[in-house]
Amino acid sequence: MDARETLEEYTPGDFYFATSRHTIFGSGSRLTFTGTDVPALGDAVPAALAGTPGSLAVGVLPFDTTATPGHLVVPEAVQVAAPAHPAAADLPRMTVDGPDVVRAVPEPVDHAEAVARAVRALSDRGMRKVVLARALDLEFSGEVPVKAVLHNLVKDNPHGYTFAAALPGGRSLIGATPELLVSRSGRRVVSHPHAGSAPRSADPVTDRENAERLAASRKDHVEHAVLTEAIVETLRPFCRDLHVPRTPSLVSTPTMWHLSTMVTGELTDPDVTALHLAGALHPTPAICGSPTEDARQLVGELEPFDRGYYAGTVGWMDANGDGEWAVSIRCAEVSASRLRLYAGGGIVPASDPKAELDETSAKFQTLLRAMGLEL
């Protein structure tokens, strides 16, 4: 089975998770797990899957796991197929009828002011970083064409993690994220944090200049260091022989350049599952800030919406505790005829409000391009 076949089978409510290694497709629901106690979910899932070869638990954790329950499903049928790419490069682009209404939440000028307030708060409260997001609400005359949008996301994003997952109440979360929160395969643990961003450009010269500027940016290296240090310190109690490159690498998506670091290690206790690790790491400074609780409080003060499952994590786990969990960014929540896109940026003391606003606009392009929109 290839990318074309799995996409043809997809209907809203199914689970779809395409990576450079494989494509996981789950349909139906045999069992559901919900709850705010992520370690308990990490214990319960392998026990429930035991004795059922090939079964997986798939789903999402929210941004704030203390307030919103995680939502995991054991599908009735699971197919593990070949990677979505390069086969997806040959997929025809699907046409998406545009929305009737597009509304920014908050308005761009208000988001820039929130960034300025955040910069002041970092100094006043002794914080290193906070992540602020904004949203775009799109309203359609009929049902949101989820299948077509997912199809185009798979075609447009040859790397990273393209996903669709069911949410409570008949909603779905769809997106294409570049960032792996954590994977576990036996005792091998991998995390691939991203922080520090610059927009891509259709002009090759400008595109290369943007990449070089990011690679030389002290502000972005500081932001990235905050994230990498937090990942390493969280994984250290679980792992031995942690390997952390001395400097970040420059990586790209079709719309953004990022600084990234591939952190690898060997798990000490084989009973620690991928979901246990995801719960320990989440929320990272990449989507919340540092210190975590102070940043989460500031997010609540400055953002005019509940993030829900945006900036959470999406993925899967098997009966052995192996699995993959990606950070749910570059995504949108779908509900009937409405779609809410999210985009955020890391704010540090050197942040400029206009540049941060522009960064969120660039990050919206992942979903907007999949709908054939340029806003």
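What you see is a predicted model, and the numbers here were worked out from it, not measured in a lab. Every chain's residues receive numbers from 1 upward, in the order its sequence appears when written. Side-chain atom pairs in this predicted model are given and counted only at pLDDT of 80 or more, local residue features only at pLDDT of at least 70, and totals for whole chains, interfaces and linings cover all residues. Here the side-chain values reflect all heavy atoms present in the structure, with hydrogen atoms and water set aside.

Engineer: Where do I start with helix H8 (residues 292-302) in this structure?
Structural biologist: A turn of α-helix holds 3.6 residues, and therefore any two residues three or four places apart point the same way. Those residues of H8 not exposed but buried are Ala295, Arg296, Leu298, Val299 and Leu302. The buried residues of H8 occupy one face: seen down the axis, they fall within an arc of 165 degrees. Opposite the packed face of H8, turned more than 90 degrees from it, sit the exposed residues Gln297 and Gly300. In this structure, the buried side of H8 is in contact with helix H3 (108-125), strand E8 (129-139) and strand E18 (289-290). Buried means the residue's accessible area, taken with a 1.4 Å probe over protein chains only, is under 20% of the maximum for its type, while exposed means over 50%, and partly exposed covers the values in between. Secondary structure follows DSSP: runs of H or I at least 4 residues long count as helices, runs of E at least 2 residues long count as strands, and numbering of each begins at the N terminus. As used here, the arc belongs to the directions running from the helix axis to the C-beta atoms. Contacts: residue pairs with any heavy atoms within 4.5 Å of one another.

Engineer: What is the right way to look at helix H7 (residues 274-281) in this model?
Structural biologist: Buried residues dominate H7, accounting for six of its eight residues. All of the buried residues along H7 are Ala274, Leu275, His276, Leu277, Ala278 and Leu281.

Engineer: Sorry, what's going on with the pattern of salt bridges here?
Structural biologist: Pairing between side chains becomes possible if they bear opposite charge and their charged atoms approach one another. The rule for a salt bridge is simple: a side-chain nitrogen of Lys or Arg has to be within 4 Å of a carboxyl oxygen of Asp or Glu. The full count for this structure, using the stated rule, is 23 salt bridges. Here Arg93 ties to Asp156 by a salt bridge, and the two come within 2.2 Å at their closest N and O atoms. Residue Arg93 is found in the loop between strand E6 (77-81) and strand E7 (101-105), and its partner Asp156 is found in helix H4 (residues 146-156); the two are separated by 63 residues along the sequence. For Arg93, a relative accessible area of 43% gives the class partly exposed. Glu303 is paired through a salt bridge with Arg307; the nearest N and O atoms lie 2.7 Å apart.

Engineer: I would appreciate a short explanation of the state of the cysteines in the present structure.
Structural biologist: What makes a disulfide is a covalent bond joining the sulfur atoms belonging to two cysteines. Only a pair of cysteine sulfur atoms within 2.5 Å counts as a disulfide in this structure description. Under the defined criterion, the tally for this structure stands at zero disulfides. Cysteine Cys331 shares no disulfide, and the gap to the nearest cysteine sulfur, in Cys288, comes to 16 Å. Of the residues examined, Cys331 reaches a relative accessible area of 1% and is grouped as buried.

Engineer: Can you walk me through the UniProt feature "domain: Chorismate-utilising enzyme C-terminal" (unreviewed entry) in the chain in this structure?
Structural biologist: UniProt positions are given in the numbering used here, feature names are shortened, and annotations may be inferred rather than shown by experiment. Mapped onto this structure's residue numbering, the UniProt feature "domain: Chorismate-utilising enzyme C-terminal" (unreviewed entry) falls at residues 110-363. With 35% helix and 34% strand, the stretch residues 110-363 has end C-alpha atoms that lie 18 Å from each other.

Engineer: What is the right way to read the sheet that holds strand E4 (residues 56-61) from this model?
Structural biologist: Pairing between the strands of a sheet comes from backbone hydrogen bonds, and it takes one of two forms, parallel or antiparallel. Taken in spatial order, the nine strands line up as E3-E5-E4-E19-E20-E11-E12-E17-E14 in an open sheet, and their pairing is antiparallel. Looking at the sheet topology across the chains shown, the edges are occupied by strand E3 (31-35) and strand E14 (239-243). Geometrically, the sheet is characterised by an average inter-axis angle of 15 degrees between neighbouring strands, direction not taken into account. Bridge count for strand E11 (residues 180-185) against strand E12 (residues 188-192) is four bridges, and the pairing is antiparallel. Following the sheet pairing, Ser183 is matched in E12 by Val190. Think of it this way: DSSP has to see at least two bridges between two strands before they count as a pair. Throughout, an axis means a line fitted to C-alpha atoms (over the contacting stretch in the case of helices), and angles, computed between N-to-C directions, take values from 0 to 180 degrees.

Engineer: What am I meant to see in the nonpolar core here?
Structural biologist: One recurring pattern in soluble globular proteins: nonpolar side chains tend to sit buried together. Among buried residues, those of type Ala, Val, Leu, Ile, Met, Phe, Trp, Tyr and Cys that are joined through side-chain atoms within 4.5 Å constitute a nonpolar core. Membership of the largest hydrophobic core comes to 73 residues, with the highest contact counts inside it found for Phe17, Val130 and Leu275. A per-element tally of this core places H3 first, with six residues. In this structure, Leu275 is in contact with Val38, Leu41, Gly42, Val45, Leu61, Leu72, Met317 and Trp325, ignoring residues within four places of it in sequence. With 32 residues, the next largest nonpolar core counts Val149, Leu150, Ala164 and Ile174 among its residues.

Engineer: Explanation requested: the packing of H3 against helix H9 (residues 353-370) in the structure shown.
Structural biologist: Angle between the axes and distance between the axes are the two parameters that describe a pair of packed helices. Running from amino to carboxyl end, H3 crosses H9 at an angle of 125 degrees, the nearest separation of the two axes being 8 Å. As the angle between them shows, H3 and H9 are arranged oblique. The interaxial crossing formed by H3 with H9 has right-handed handedness. On H9, the residues that touch Pro108, His111, Ala112, Val115 and Ala116 of H3 are Pro353, Glu356, Leu357 and Thr360. Counted by class, the contact of H3 with H9 contains six nonpolar, two polar and one charged residues. By the definition adopted for this analysis, an angle is roughly parallel if under 35 degrees, roughly antiparallel if over 145, roughly perpendicular if from 65 to 115, and oblique otherwise. Handedness of each helix crossing follows the sense of rotation of the near helix against the far helix: counterclockwise by less than a right angle gives left-handed, clockwise gives right-handed. Only Asp, Glu, Lys and Arg are considered charged in this grouping, and only Ala, Val, Leu, Ile, Met, Phe, Trp, Tyr, Cys and Pro are considered nonpolar; every other residue, Gly among them, is considered polar.

Engineer: Can you help me understand the sheet that holds strand E15 (residues 249-252) in this one?
Structural biologist: Pairing is antiparallel across the open sheet formed by three strands, whose spatial order is E13-E16-E15. Two strands lie at the open edges of the sheet, namely strand E13 (194-199) and E15, each paired on one side alone. Averaged over all adjacent pairs, the angle separating strand axes in this sheet is 30 degrees, with direction ignored. Bridge analysis of E15 against strand E16 (residues 256-260) gives four bridges, and the strand direction is antiparallel. Bridge pairing links Ser252 to Trp257 in E16. Across the sheet, helix H5 (residues 204-216) is in contact with E13, E15 and E16; its angle to E16 comes to roughly 25 degrees.

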